[in-house]
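Inside the fold
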Amino acid sequence: MELIQNTPDLSAYLAADEVIDHGHPLVRETAARLAKSAVDSYGYARLAFEFVRDAIPHSQDAGDPRVTWRASDVLEQGTGICYAKAHALAALLRAEDIPTALCYQKFDVVHGLIAVRFNGAWHRQDPRGNKPGVDAQFSLDGERLALVPDPEFNELDYPVLYAEPHPVVLSALKAAPDRPYLWQTLPTAL
């Protein structure tokens, strides 16, 4: 699948906004802590991915009713669904000047992940969190995503790489008072 930037300006994939708030002190502190253990930007990207995947539980898996959507809130509260975890990872990567996009897949509902740019190419990564039957790994040599769409069930990969969260996704997150409510209002398509 050919990944398509929704904006040709690569600097948009380094920008901060209200969601990917990589200027926030907690994001900067977390990024600096992870960077101390990294040999280079590839190593940092792997460490950031593993941190978000493993240290921030997916709220559904953990039974956590809180809904987070801003990267700094995901780090502070230590919880989030796929979209929120993607926002946190994007902020950590952008904090270290690594171009990062948000991207999506469609299953019964829309699933969120990121794409990171290295060596002139985009590489999708899924920080959702592993569990039995899910084994997502950081990889620049072929995708190791949490979920693989099955076209027979009308599942698909959306090819667009977004510099900001898709408005449908962000609206659902912001409107949800808790995860059970969010589960009833998750977007089913973009």
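Per chain, residue numbering runs from 1 following the sequence as it is written. This being a predicted model, a pLDDT of at least 70 is required before a residue's local features are given, and a value of 80 or more before pairs of side-chain atoms are given or counted; all residues contribute to the totals for chains, interfaces and linings. Water and hydrogen atoms play no part in the side-chain values, which are based on all heavy atoms of the structure.

For the rest of this paragraph, the subject is the overall build of the protein chain. Runs of E in the DSSP output that reach at least two residues are strands. Runs of H or I that reach at least four are helices, and both are numbered from the N terminus. For the protein chain, the helix and strand inventory stands at seven helices and six strands. Going residue by residue from the N terminus, the α and β elements of the protein chain occur as β-α-α-α-α-α-β-β-β-β-β-α-α. By its C-alpha atoms, the protein chain is 40 × 35 × 35 Å across when sized along the principal axes. Residue exposure (1.4 Å probe, protein chains only): buried if accessible area is under 20% of the type maximum, exposed if over 50%, otherwise partly exposed. Of all 190 residues assigned to the protein chain, the portion counted as buried reaches 51%. Any two residues whose heavy atoms approach within 4.5 Å at even a single point are treated as in contact. Relative to all contacts within the protein chain whose residues are 6 or more apart in sequence, the contacts with residues 24 or more apart total 60%. Here the protein chain contributes 17 positive and 26 negative side-chain charges, whose respective centroids are spaced 4 Å apart. Residues scored as positive are Lys and Arg, those scored as negative are Asp and Glu, and His as well as the terminal groups of each chain are ignored. Just so you know, the charge point we use is NZ for Lys, CZ for Arg, CG for Asp and CD for Glu.

The next subject is unusual backbone geometry. In this model, Asp 97 sits at a positive phi of 60°, which is unusual for a non-glycine residue. Turning to its location among the elements, Asp 97 is positioned in the loop between helix 5 (82-95) and strand 2 (100-106). If you check the backbone angles, Asn 119 has positive phi at about 55° while not being a glycine. Along the chain, Asn 119 falls in the loop between strand 3 (110-118) and strand 4 (121-125).

On to the layout of surface pockets, then. Definitions used for this entry: grid spacing 1 Å over protein atoms alone; cavity, a set of points where a 1.4 Å probe fits but cannot get out; pocket, an open set with protein on both sides within 12 Å along at least 5 of 7 lines; lining residue, one with an atom within 4 Å of a point. Grid points are joined across faces, edges and corners, and a volume is the space filled by probe spheres set on the points. In this structure, the largest pocket encloses a volume near 340 Å³. Around the largest pocket, the lining is made up of 18 residues, and of these Val 109, His 111, Arg 128, Leu 147 and Trp 183 lie nearest the centre. Among the elements of the structure, helix 3 (59-62), helix 5 and strand 3 are those that each provide at least two residues to the lining of the largest pocket.

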